[in-house]
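# Survey of secondary and tertiary structure
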Amino acid sequence: MEVGSLNSEQVQDPDSNEIATDGDGVLTELDAENRVPEGKKEFVAPAIGMEFESYEDAYNYYNCYAKEVGFRVRVKNSWFKRNSKEKYGAVLCCSSQGFKRIKDVNRLRKETRTGCPAMLRMRLVDSKRWRVLEVALEHNHLLGTKIYKSMKKMGSGTKRKSQSSSDAEKRTIKLYRALVIDSGGNGPSNSNATEARNDIPNQLNLKKGDTQAIYNYLCRMQLTNPNFFYLMDINDDGRLRNVFWIDARSRAACGYFGDVIYIDNTYLANKFEIPLVALVGINHHGQAVLLGCALLAGETAESYIWLFKAWLTCVSGHSPQTIITDRCNVLQSAIAEVFPSCHHRFGLSLIIKKVPEKLGGSRNYDAIRKTLLKAVYESLKVIEFEAAWGFMIQHFGVSDHEWLRSLYEDRFRWAPVYLKETSFAGMSAAHPGETLSPFFDKYVHKQTPLKEFLDKYELALQKKHKEEALADIESRSSSPMLKTRCSFELQLSKVYTKDIFKKFQFEVEEMYSCFSTTQLHIDGPIVIFLVKERVVADGNRREIRDYEVLYNRTAGEVRCICSCFNFHGYLCRHALCVLNFNGVEEIPSKYILSRWKKDYKRLYIPDHGSNNVDVTDRMQWFSQLYRSALQIVEEGVISLDHYNVALQAFEESLKRVHEIEDKHEPENL
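On a predicted model such as this, the values are computed, not experimentally measured, just so you know.

Further remarks concern the overall build of the protein. The secondary structure content of the protein amounts to 22 helices and 19 strands. Put simply, the protein has 669 residues, and 48% of those count as buried. Considering only contacts in the protein between residues 6 or more positions apart, those separated by 24 or more positions represent 61%. Split by element, the accessible area of the protein, about 35,000 Å² in all, is 51% carbon and sulfur.

So, about the nonpolar core. General note: in soluble globular proteins, nonpolar side chains tend to be found buried as a group. One finds Trp245, Trp414, Phe440, Phe453 and Phe504 to be the most contacted residues of the largest nonpolar core, which totals 106 residues. Considering every element that reaches this core, the biggest residue donor is helix H12 (residues 365-378), with 7 residues. Phenylalanine 504 has contacts with Phe488, Glu489, Leu492, Tyr496, Tyr570, Leu571, Leu576 and Ile587, leaving out every residue within four places of it along the chain.

Look at helix H17 (residues 498-509): 16 Å from first C-alpha to last across 12 residues, which is about the 16 Å you get at 1.5 Å a residue. Those residues of H17 that fall on the buried side of the exposure criterion are Ile500, Phe501, Phe504, Gln505, Glu507 and Val508. Viewed end-on, H17 has its buried residues packed into an arc of 155 degrees, placing them on one side of the element. Next to the buried residues of H17 lie helix H16 (487-493) and helix H19 (573-581).

Let us now look at the sheet that holds strand E18 (residues 542-552). Taken in spatial order, the 4 strands make up an open sheet running E16-E17-E18-E19, and their pairing is antiparallel. Every interior strand has two partners, whereas the edge strands, strand E16 (514-523) and strand E19 (557-560), have only one. Sheet twist, expressed as the mean angle between neighbouring strand axes with direction ignored, is 25 degrees. Looking at chain direction, E16 and strand E17 (residues 526-536) are connected through 8 bridges and run antiparallel. Considered in E17, the bridge of isoleucine 522 is made with valine 527.

How each quantity is defined
- Residues numbered from 1 in each chain as written.
- Predicted model: local features only at pLDDT ≥ 70, side-chain atom pairs only at ≥ 80, totals over all residues.
- Heavy atoms only, no water.
- Helix = DSSP H or I, 4+ residues; strand = E, 2+ residues; numbered from the N terminus.
- Buried < 20%, exposed > 50% of the residue type's maximum accessible area, 1.4 Å probe, protein only.
- Contact = heavy atoms within 4.5 Å.
- Areas by Shrake-Rupley, 256 points an atom, 1.4 Å probe, with all protein chains shown as cover.
- Core = buried A, V, L, I, M, F, W, Y, C linked by side-chain atoms within 4.5 Å.
- Expected span 1.5 Å × (residues − 1).
- Arc of directions from axis to C-beta.
- Pairing = 2+ DSSP bridges.
- Axes fitted to C-alpha atoms, helices over the stretch in contact; angles between N-to-C directions.

Written out as structure tokens, the structure is:
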């Protein structure tokens, strides 16, 4: 079940109400004959929060689990209501729990007790069901093979009565997860909470008060943020499973910068206190911009698919061109299902960051790491990468290293030499030192509680918005200092934002390290040039590298083998040298991306225009009007003059809207 809101808009997933049959959901039906989930061979291990219809069901369940694992069960303690035979609590334990009494030590019977700690404590709760309150799964002795011979079953009353096997096997035991929002959050409220979340990713692992904090936040945002959107995924037991939300600015940013997104699952994957996933883009200043946030029950394909569909709902179904993630099979399958036409790539910097962890224990680690980085960052052709990788594997004898083997199999999704046709908009991290950093890096640590995060979330976004506003003002109000006499530098100094221009300006400066541009091959209008560049290599020594650049004068096309344009969104020094060599004084417009322009938001309003308006869809009207108004607001805070003009424009627009009302009023009388 999903509940969400965008001005009373709700979205329902027809598949979300199916009862799980693998123990991960609210209800698990156990096969009546074997006491194992249908379609599975192994028995569901006991966990805190499980509930049973009766004490007999609970006892029989633990007995069946013991039979599957290979130990026997006995009742350690039972508690009864005063002046009544009604049981309200019990502890079941392994038969090897405790030790023999001293007077029984010398008996001929073999000693089987080892003080085993394995146990299950349960109690009758207000719902009249038996809830598991404490579980210890570890044994301190060897477990036997699965015990298939008959075991004791519990009957009614204080004594165990014999019960026919057929009657016992007909019972269907139902396991429930306790709904403890009021008393302890959305899930287990003890030290085993993290483990419970890992084992049963069908609900958010929330602490006491977290559910109310989420609700308060969403209500407050909807009151103060007119275009705020959220969606909640409720499991069959009425508990919160996943939550997605996106504020007005982020929704607008999706229209501008949703072409390339990074799925930041750092916090969820690394088991942070908050299971946070952020969708991140890059704005016209090269700054990270938030495109949506979610709390997910776990790293499952179902949760990720739900998240991506929720995001598509609020961006009118516009899929990104490129999605960047960490290496994760679950994410890969979810993206393939929801975004089948997009380019899914693995973040190179995220892979390189794991090199010490994955290879740190290897012999010759430093040499292996150096060889790996050289193959990744310096290979310009596939044949060069393949040769360098093969040398590393053979020379260091790491052909059986599982991580390297799987990394090589995935090379088409992360190695720059294979990704030259993919547009990254500056998020490729294809050069040493470039990284994809977590969006909330300075605001969230591993133990940050949810309530604190919700406060920090707003502070983080305010800071990001302020940085963007200041960058806008600086880009429009000042002209960058030119460092060369190159016409390309002057041309783009008038177009690009300050931060993007600095990056392009560096390429212009580095044209002077390219000392030779010669023709290699001519095929009609297409010419392949060889550009030689002096680069700084290991130990600050200089070496010369060759770069092939294709130039088509007729089509105005220039493509360098380094693929800087696709990786970063602007032409490289080698392409600029070829243009300059051919007497081109201005960069062709196709190589000046609109997303880097100072006035990008002024020139480009996503989905704006009467031709695209659905005459029956008021929600679309609202979204487009809001985007336009938000643009005026952002422009209006640049200066006092801007503010006065923007305010006057709003007042005049409102008068004109009221005039339409006045014209229609007589018709309605």
